[in-house]
Amino acid sequence: MLARAFEPAFLQRLDNLVLGIKRARTVRLGRRALGRVQGSGIELENFKDYCEGDDLRFLDWNAMARLDTLYTKSYRVERETEVSILIDASASMGLPVRDDKFGLARVLGATLAYVALGENDPVRLISFGGPRGQLAYRATEFLRRRESYASFKPMLTEIKCAGPTEMPHAVEQFLNQRRPPGVAIVISDFLVPSSLYKTAFSHLLAARYEVKAIQVLGSREAAGSLGPGAYRLRDCETGELREVTITPTVAEACRRRLDNLREELQLHCAGHGITYAAAVGAQNLDDFIVRELPRLGLVR
Amino acid sequence: MGFLNPLLLISALSVGVLILIYLSARSRSTVEVSSLLLFEEAQIAVSKARFLKLDLLFWLETSALAALSLGLAGLYLKMAPAPTGHRRHALVFDVAAGMGAHEGSRTRLDEAKAQALGMVGSAPPGERFAVVSFAAQAEVQRYFTADLGAVRAAIKALRPFDVATAPAALAAALMRVRDADRIDLFASRLPPGAGALDKLDSARLHFHRIGTAQDNAAITGLDPGIPRVSPGHCAVRNLSPHPVLANVEISLNGRGIDRVAMILEPHAQGNLKFGPLPTGGVVQALIGTPDALLADNLRYAYAGGSRSLKGLVISPDPAVREDLARVLRAVDPGSIVVAGSADQMTPAAVAKALGGAGQPDIAIVHDSVADAISASAKLFIFSPPGGQFPVKATLPASQMDDRTDLGPLTRPLLLGPTRSLSLPEWMDPVAHGTAPHQSGLLTLAAAGISAHGPEAVIAFDIRGHRLLDPDMLDTLVLTIDLVKMLTGPRDVHVVSTGAYVTIPAGAPARVIAPDGSVLQVAPGYGGLIRFRPLYAGRYQVSIGPRHETIYANYFDAAESELSVSSTAESGTPLSQVIDLDSGVRARRIQPLTAALVMLAMAALLVESAVLLRRALRGGASLV
């Protein structure tokens, strides 16, 4: 499925899409100040009274000549926004096998990276997963042009699903790099205790990242992939065993449980200004990209 | 209750296999899931692995398998006889010589008939009876009928024959009444072949042993010797466990020539020597002392006349010619024998060698074609292709197994080269055998009467002094018997009871049996009369103005053994199966195979219905 992310026809459909980023791209330059950095752009943004310490280079000399008043000009600076796409590579992304959740997650990551590269924003892909206690955190370099999009392919091809979902640790490692805050897109099935992703999201938001969450689920997983019968279930991430007997009633309860988990995540995202999208089933990829992502404002 | 095939109960192991399958199905397979969070809210029914859940389907399948296993094993119930009066009841009588043994004023068959008539008299209305007798062969006297008068008449008309019971006769008799609900067999002993009955037949079969232990003495052999040359011999055997006094009378042509009183030890045989006879004729030996069975107290033999036998021997082998001449001299020490090869023995040369005394009494032609030779009787030995009989094949070896008149040989006799011949229908086989790579029986000797007179054939070669080989005595006996038969008088036949007698007639014959009954016999193929004397004694055959006499001898060691205490069959499994108590009506066997199969089918149908119902309720994936 990953091959689709590099098909020309598929990419051609993404050319007109723009990543939906709420945060302004301007910063104030020339002064240690919080907030916007006044820069040396070419598009005038605002005027303000001159204050001591302002850079005299931004004084509006024409206004002073006409009005005998000191004004400083600020310009909209074309500033790049770093886009980090975090792909969950834990073991749960590999199940159910026939749903190919991990393939869907990688294609979505690549798709969003391609869209972000369209604005010449620096984009990188990060995967996190690996055996218990050995977090496999893997990140690409920042790429800025679509011509270098193919450089993501080796990383996307090589990463494998394994281990538990160590989302807080991955975010912590991600933030330790102390990059300017940008956009963080987390792609995962979020089939973990809610405390884990809530902690991760809180860290990202605290670092002033614009967070977007994409939940990837398999169609069989969502509908209940197990037929009636007695099973010994083993959690692929924790190794925990549980003996169950699946009946139609139990299968329905499982579906309700999944809906509840999704709803909890959705409510949390809505409450914290996080854009949430759910991609269910690899077969719905095109529909999800073309309709669902724009509807949710993830792309424009 | 019991099983017809208990060994097939091993199929019940399939129930164990079913349990294993259920255990295997109930064992939980381990499935890896993305997260157990999905299964937290549901009220999960957790059950222990390896627990055999005995649900309805399990019991249905177990019932089906158990029913099929029991059906295979032949489960049956012993039930009381059906109260209905429409049963088919077969009365089977042994009418061999043993049933003719006297016990007081009645014979054993009379006792059997009385018992059978009692059964008929006490039968419920509507019961249908069949009356079947067997001795040398089976005969249906009256097939299933509710006409009790006819049944009684058929029973009363039964008479014992002076023949032994043939093993196949009982099987044939039971085959005729195989539809009967109950078979009552009346016999003085377990008939030969009874051990081969299958259990179902035995279960329906009720054996009534008739008679008590009786003393009996029998003449087992009579050799008249050669008149004026050698004495004759008469063998008498005591077949009872007590000493027996036997007054033996020897007569020639109806005139007594000797009388001896013999005391025979239990199961001993005595030999009475008499003669030499003054002349030829019919010799009769008679035990005058009355005993239980009279048929074996009388025996006939024919002694050749005083006229010298004129024989002609034709063979390309001088050694064979010499051997055959010795045989002829043994049959008649005063015989005149001319021998030579086929090209030497022209009719003129034969007539000259015999001194112009007419044609020879017998011509023995070995491996030669001598159509031009005429003789009163001819014996062809190892007849070549192009000879008297068409040759189908020449075999390198063969084996003689039995004689039709004497029964199976003590041990099979290995013979040399043999020619398989196409024999005419007027010939009756005398000796049978087998050959390698040949299917079926091979006729090794046959005899009959053609338009040219009596003829006989021996199919095997006698080169290499086989006739005189002590290890091949049966070939010499066969040859001598054939020569005696061919040179014997035409109007006197000495045969065993039960053997066929062939007489050239061309017109209907009137046969007077030893008991005075008269029988009209029409000639059949080739104008020959064939009939089977079933009583020991003298038969008179009248064909127009011509008269012939048949003397029928009877002896069978097993049949003449009248001691009930004989345990010859008591050890056979059949005695455990057959109800020997004639006073108790055995219970009826009711196989349950059909009912069990139906039960299994019903269980499977119910199981299918249950599965269908679950499928409709829970979706197709549940099936």
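See the structure shown above.
Right, let's walk through the structure included here. (Residues numbered from 1 in each chain as written. Chains lettered and ligands numbered in written order. Predicted model: local features only at pLDDT ≥ 70, side-chain atom pairs only at ≥ 80, totals over all residues. Heavy atoms only, no water.)

1. Focus on the nonpolar core
Residue and element names in this part refer to chain A. Counting residues in hydrophobic clusters, the biggest one holds 48 residues, and the most contacted among them are Ile-85, Leu-108, Ile-187 and Ile-214. With twelve residues, helix H3 (residues 101-117) is the largest single contributor of residues to this core. Each residue touching Leu-108, except ones within four places of it in the same chain, is listed here: Ile-187, Ile-214, Val-216, Ala-279, Leu-285, Phe-288 and Ile-289. (Core = buried A, V, L, I, M, F, W, Y, C linked by side-chain atoms within 4.5 Å. Buried < 20%, exposed > 50% of the residue type's maximum accessible area, 1.4 Å probe, protein only. Helix = DSSP H or I, 4+ residues; strand = E, 2+ residues; numbered from the N terminus. Contact = heavy atoms within 4.5 Å.)

2. Looking at the pattern of salt bridges
One pass over the structure, following the stated rule, counts 29 salt bridges over all chains. For the salt bridge of Asp-189 of chain A with Lys-101 of chain A, the shortest nitrogen-to-oxygen distance reads 3.1 Å. Here Asp-189 of chain A, found in the loop between strand E6 (183-188) and helix H6 (194-206), pairs with Lys-101 of chain A, found in helix H3; they are 88 residues apart in sequence, far enough to count as distant. Lys-101 of chain A shares its class with Asp-189 of chain A; the two are buried. Members of the salt-bridge network, linked through shared partners, are Asp-317, Asp-367, Arg-419, Asp-461 and Arg-463 of chain B. (Salt bridge = Lys/Arg side-chain N within 4 Å of Asp/Glu carboxyl O.)

3. Digging into the pairing of strand E9 (residues 182-187) of chain B
With six of its six residues buried, E9 of chain B lies for the most part within the structure. Alternating positions in E9 of chain B separate into two faces, Arg-182, Asp-184 and Phe-186 of chain B on one and Ile-183, Leu-185 and Ala-187 of chain B on the other, with burial throughout.

4. Remarks on the packing of helix H7 (residues 318-331) of chain B against helix H9 (residues 473-487) of chain B
How two helices pack is summed up by the angle between their axes together with the distance between the axes. All names here are of chain B. Interhelical geometry of H7 versus H9 gives an angle of 60 degrees and a closest axis separation of 10 Å. Comparing their axes, H9 and H7 come out oblique. Judged by the sense of rotation from one axis to the other, the crossing of H7 with H9 is right-handed. Counting all contacts with H7, which are made through Val-327, Leu-328 and Val-331, the residues of H9 involved are Leu-476, Thr-479, Ile-480, Val-483 and Lys-484. Grouping the constituent residues of the contact of H7 with H9 by class yields six nonpolar, one polar and one charged. (Axes fitted to C-alpha atoms, helices over the stretch in contact; angles between N-to-C directions. Parallel < 35°, antiparallel > 145°, perpendicular 65-115°, else oblique. Left-handed = near helix turned anticlockwise from the far one by under 90°. Nonpolar A, V, L, I, M, F, W, Y, C, P; charged D, E, K, R; others polar.)

5. Focus on the interface of chain A and chain B
Contacts between the two partners involve 29 residues from chain A and, on the opposite side, 23 residues from chain B. Here chain A and chain B share one salt bridge between them. Salt-bridge contacts for Glu-32 of chain B lead to Arg-234 of chain A; the nearest nitrogen and oxygen are separated by 2.1 Å. The tally of links between chain A and chain B comes to seven residue pairs in polar contact (both at pLDDT 80 or more). Looking at the side of chain A that touches chain B element by element, the count peaks at seven residues for helix H8 (residues 248-271) of chain A. Tallied by class, residues from the side of chain A that touches chain B come to 17 nonpolar, three polar and nine charged. For strand E8 (residues 229-235) of chain A and strand E2 (residues 29-33) of chain B, the ladder comprises five bridges, and the chain directions are parallel. Residue pairing for E2 of chain B: Arg-232 of chain A is matched across the bridge by Thr-30 of chain B. (Polar contact = N/O pair within 3.5 Å; in protein donor to acceptor, adjacent residues only side chain to side chain. Pairing = 2+ DSSP bridges.)

Structural measurements only, silent on function.
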